Structures are given as C-alpha cells and as structure tokens.
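# Residue-level structural notes
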Amino acid sequence: QKEVEQDPGPLSVPEGAIVSLNCTYSNSAFQYFMWYRQYSRKGPELLMYTYSSGNKEDGRFTAQVDKSSKYISLFIRDSQPSDSATYLCAMSAKAAGNKLTFGGGTRVLVKP
Amino acid sequence: DTAVSQTPKYLVTQMGNDKSIKCEQNLGHDTMYWYKQDSKKFLKIMFSYNNKELIINETVPNRFSPKSPDKAHLNLHINSLELGDSAVYFCASSQDVAGPYEQYFGPGTRLTVT
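A brief report on the enclosed structure follows. (Residues numbered from 1 in each chain as written. Chains lettered and ligands numbered in written order. Predicted model: local features only at pLDDT ≥ 70, side-chain atom pairs only at ≥ 80, totals over all residues. Heavy atoms only, no water.)

With that settled, the discussion passes to the pattern of salt bridges. Summed over all chains, the structure comprises seven salt bridges over all chains. Put simply, arginine 37 of chain A and glutamate 45 of chain A hold a salt bridge, and the shortest N to O gap is 3.2 Å. Judged by its relative accessible area of 15%, arginine 37 of chain A falls in the buried class. Linked by salt bridges that have partners in common, Arg63, Glu82 and Asp85 of chain B make up one network. (Salt bridge = Lys/Arg side-chain N within 4 Å of Asp/Glu carboxyl O. Buried < 20%, exposed > 50% of the residue type's maximum accessible area, 1.4 Å probe, protein only.)

Shown next as structure tokens:
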C-alpha cells in the first residue's frame, strides 16, 4: 500500500461545477501538504500549500487538511475548461524537509 | 526565459545503451532533484542535491548516477538501459533543502527504451 493514495479518475465535470479532489495518507509525520497541477506533457506546478490542519483559500481554489483523519482535499469553484489537468497531492514531514511524497494524481476534465 | 530546462525532451533508445539527461536551472536555487514519473502518473523522487552535495538517494538501481558539476546543473546518467526505465524524468529545483520550499519542475524528458 502506498503512503499517499489518490483516486486516478478521470473526473469529468461540466464547466462551472465544483471540482472536489482528495488524498489519504498513512504517515502521521506529514505536516506540509501541497497540491500540484500538471498539464499534459508539462511539468507539475505548485497550486496550493498548507501547513498542518485547517483551510486555505486562494481565488477559486480551497485546500483543506484534516490530520486526525489523514485526509486532504482540494476544491475548485466555478471550474473552467482551462482547469482540465492532472492534480497531484504531495506532502512532507518536517524532519524530511523538501522530500516530497506524491499521490498518483487525479485527472480532471472540465467540459464546456 | 525558462526557469528549469531539460535536454533532451524526448529520448528513444535500445536496451543496453547508456544515456544522459541534462538539467539546468537559472533561479539561483541551492537544491535540485530528479523524479521519475511512470505511466500511471506516479511521481517518485530519485535523487536530491544541495549545493552539489548528494542529500537524498532513494532506492534506485546503481545504473542511475547523478552528477552535479555546479549548483545550477544536475545531470542524470543511466547505464545499461532496461525496458522498465521507460518513463518521464523530471528535474526540479527549490530555494533550499530545509524546506519545504516550492519545487519548480522542468518540462520533463520522455524516455522510451525499446
């Protein structure tokens, strides 16, 4: 079993809908949680970063962390066709510094 | 002006060959990484260098050898290529190793071993 689990999708939604993505993890030492977006044939780019539990909002994006359940989520409001991409969660432990453990990614398709 | 660049973008080669992938970053970062992304999009760290010093060396076959001539460059040499080495290899960099700092990824090198 992988340390970080993520539903591979694909997740298909109509334009304007809310996209809901999540990851579960097993390592209780993880304290830093990130979401990366990866367009086809491109490198991942950082979308959101949160430390420990709680919510963080940035424009149409909201990241949530529930450390007690070892569960993190990313919500995309008013989704656009340009949001069609693979979304990867990533996390690291404080002691591990910049060593990121990634989920397998969820492919999202927003249909106009 | 590309922040993290990799060459080549595509690499098709036969089993048993030796090949190299080059990476350069112009962000002034101290830390660089190599990741492997398999066909199921699973991204896994292979190596990390901080200021030319190896700091992360995951369970990777000895056929893979990273080299950092200076902190702006991190190359990956692969000996005796195998079919299972086919993947997309990403280079990344971050400000420092103490982190976590945002990691900036290159465009990837798609390696196909036939």
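Moving on to the interface of chain B and chain A. The interface of chain B with chain A comprises 25 residues on the first partner and 21 residues on the second. Carbon and sulfur atoms supply 55% of the area that chain B and chain A bury against each other, a total of about 1,800 Å² over both sides. Counting across the interface, chain B meets chain A through one salt bridge. In this assembly, chain B and chain A are joined by three residue pairs in polar contact (both at pLDDT 80 or more). Among the elements of the structure, β4 (31-37), β5 (43-50) and β9 (87-94) of chain B are those that each provide at least two residues to the side of chain B that touches chain A. By residue number, the principal contributor to the side of chain B that touches chain A is β4 of chain B, which donates three residues. Split by residue class, the side of chain B that touches chain A holds 14 nonpolar, five polar and six charged. (Contact = heavy atoms within 4.5 Å. Buried area = accessible area lost by both parts, 1.4 Å probe. Polar contact = N/O pair within 3.5 Å; in protein donor to acceptor, adjacent residues only side chain to side chain. Helix = DSSP H or I, 4+ residues; strand = E, 2+ residues; numbered from the N terminus. Nonpolar A, V, L, I, M, F, W, Y, C, P; charged D, E, K, R; others polar.)

To find the voids left in a structure, one rolls a probe of water-molecule size over its atoms. Its volume calculated, the largest pocket comes out at about 380 Å³. What lines the largest pocket is a set of 24 residues, and nearest its centre among them are Ser40 and Arg41 of chain A together with Gln37, Lys41 and Arg110 of chain B. Those elements giving two or more residues to the lining of the largest pocket turn out to be β9 (85-93) and β11 (106-111) of chain A together with β9 and β11 (109-113) of chain B. Split by residue class, the lining of the largest pocket holds nine nonpolar, eight polar and seven charged. A volume near 250 Å³ is recorded for the second largest pocket. Lining the second largest pocket are 14 residues, with Pro8, Gly104 and Gly105 of chain A together with Lys40 and Lys41 of chain B sitting closest to its centre. (1 Å grid on protein atoms, 1.4 Å probe; cavity = no way out; pocket = protein on both sides within 12 Å on 5 of 7 lines; lining within 4 Å. Points joined across faces, edges and corners; volume = space filled by probe spheres on them.)

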